[in-house]
Amino acid sequence: MEPWPETVRWQPVSADLIKVEALRLGIGMLVLAVGAVIGLALTGHWLFGLALGLVVALTLWRLAVIVRAVRAWGYAERDNDLLVRHGLLVRRLSIVPYARMQFVDVTAGPLERAFDLATVQLHTAAAASDARVPGLRPAEASRLRDRLTALGEDRAEGL
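What counts and what doesn't
Residues numbered from 1 in each chain as written. Predicted model: local features only at pLDDT ≥ 70, side-chain atom pairs only at ≥ 80, totals over all residues. Heavy atoms only, no water. Helix = DSSP H or I, 4+ residues; strand = E, 2+ residues; numbered from the N terminus. Rg over C-alpha atoms; globule rule 2.2 N^0.38 Å. Buried < 20%, exposed > 50% of the residue type's maximum accessible area, 1.4 Å probe, protein only. Contact = heavy atoms within 4.5 Å. Areas by Shrake-Rupley, 256 points an atom, 1.4 Å probe, with all protein chains shown as cover. Lys, Arg positive; Asp, Glu negative; His and termini not counted. Charge placed at Lys NZ, Arg CZ, Asp CG, Glu CD. Salt bridge = Lys/Arg side-chain N within 4 Å of Asp/Glu carboxyl O. Pairing = 2+ DSSP bridges.

Peer 1: How would you summarise the overall build of the protein if you had to cite specific residues and measurements?
Peer 2: A count of helices and strands for the protein gives four helices and seven strands. Tracing the protein from N to C terminus, the helices and strands come up as β-α-α-β-β-β-β-α-β-β-α. For 159 residues, the compact-globule estimate of 2.2 N^0.38 gives 15 Å, and the protein exceeds it by more than 25% at 20 Å. Considering the protein as a whole, with its 159 residues, one finds that 33% of them fall into the buried category. When contacts within the protein are restricted to residue pairs at least 6 apart in sequence, long-range pairs at least 24 apart make up 50% of them. Carbon together with sulfur atoms contributes 62% to the accessible area of the protein, which is approximately 9,600 Å² in total. Of the side-chain charges in the protein, 18 are positive and 16 negative, and the distance between the mean point of each set is 7 Å.

Set out below in structure tokens:
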């Protein structure tokens, strides 16, 4: 069962998001791998070798998941709402009506800026319905922010 409507024209996020997520993973796993190598070098105990093998295996598995997860992200602008999809095992479809949006953020951390990416975060009155679209080029993120803000203001006037 696909929870995502097939009649919608989905916009994918940038494939550069794979590099950003892989770097984030690599930084964390490098710390674990260095710890295991140091433990192995100092003690020579086989458990540190096993830990190092597990770190490598987990990193490779997680890299494969990252590639598929980034490809699962998408968004679609419709007349009255924005659809955001993501997820592999648990697929999630967020439908955010323009009239319910309170504000829209565009953020870009250091790694995102290094790869010329930004994230659009939509905020609504219900915290559980907040949605985000990562991996957008800054120009597209600004365009989407401006369009969503304008549509939100137009739709909210009728409330």
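Still more ground to cover, so stick around.
Peer 1: I'd love a proper account of the pattern of salt bridges, names of residues and values included.
Peer 2: Per the stated rule, a full pass over the model turns up eight salt bridges. Across the salt bridge formed by Arg137 and Asp16, the nearest N and O atoms sit 2.5 Å from each other. Taken together, the positions of Arg137 in the loop between β7 (131-136) and α4 (138-156) and Asp16 in helix α1 (residues 16-43) put the pair 121 residues apart, joining distant regions of the chain. Look at Asp16 and you get buried, because its relative accessible area is 17%. Residue Glu21 is joined to Arg24 by a salt bridge in which the shortest nitrogen-to-oxygen separation is 2.7 Å. Of this pair, Glu21 and Arg24 both sit in helix α1, separated by three residues, roughly a single helical turn. On the basis of relative accessible area, Glu21 is assigned to the partly exposed category, the value being 26%. A residue is classified by how much of its surface remains accessible, and Arg24, at 39% relative accessible area, is partly exposed. Bridged by salt links that share partners, the residues Glu77, Glu140, Arg143 and Arg147 form one connected network.

Peer 1: Pulling in residues and values, what's your account of the pairing of strand β3 (residues 81-86)?
Peer 2: Judged by how many residues are buried, β3 sits mostly within the fold: five of six residues are covered. With four bridges joining them, strand β2 (residues 74-77) and β3 adopt antiparallel strand pairing. Among the inter-strand pairings, Tyr75 is bridged to a residue of β3, identified as Val84. Between the end of β2 and the start of β3, which pair antiparallel, lie three residues. Joining the antiparallel neighbours β3 and strand β4 (residues 92-97) is a turn of five residues, in which Gly87 adopts a positive phi near 110°.

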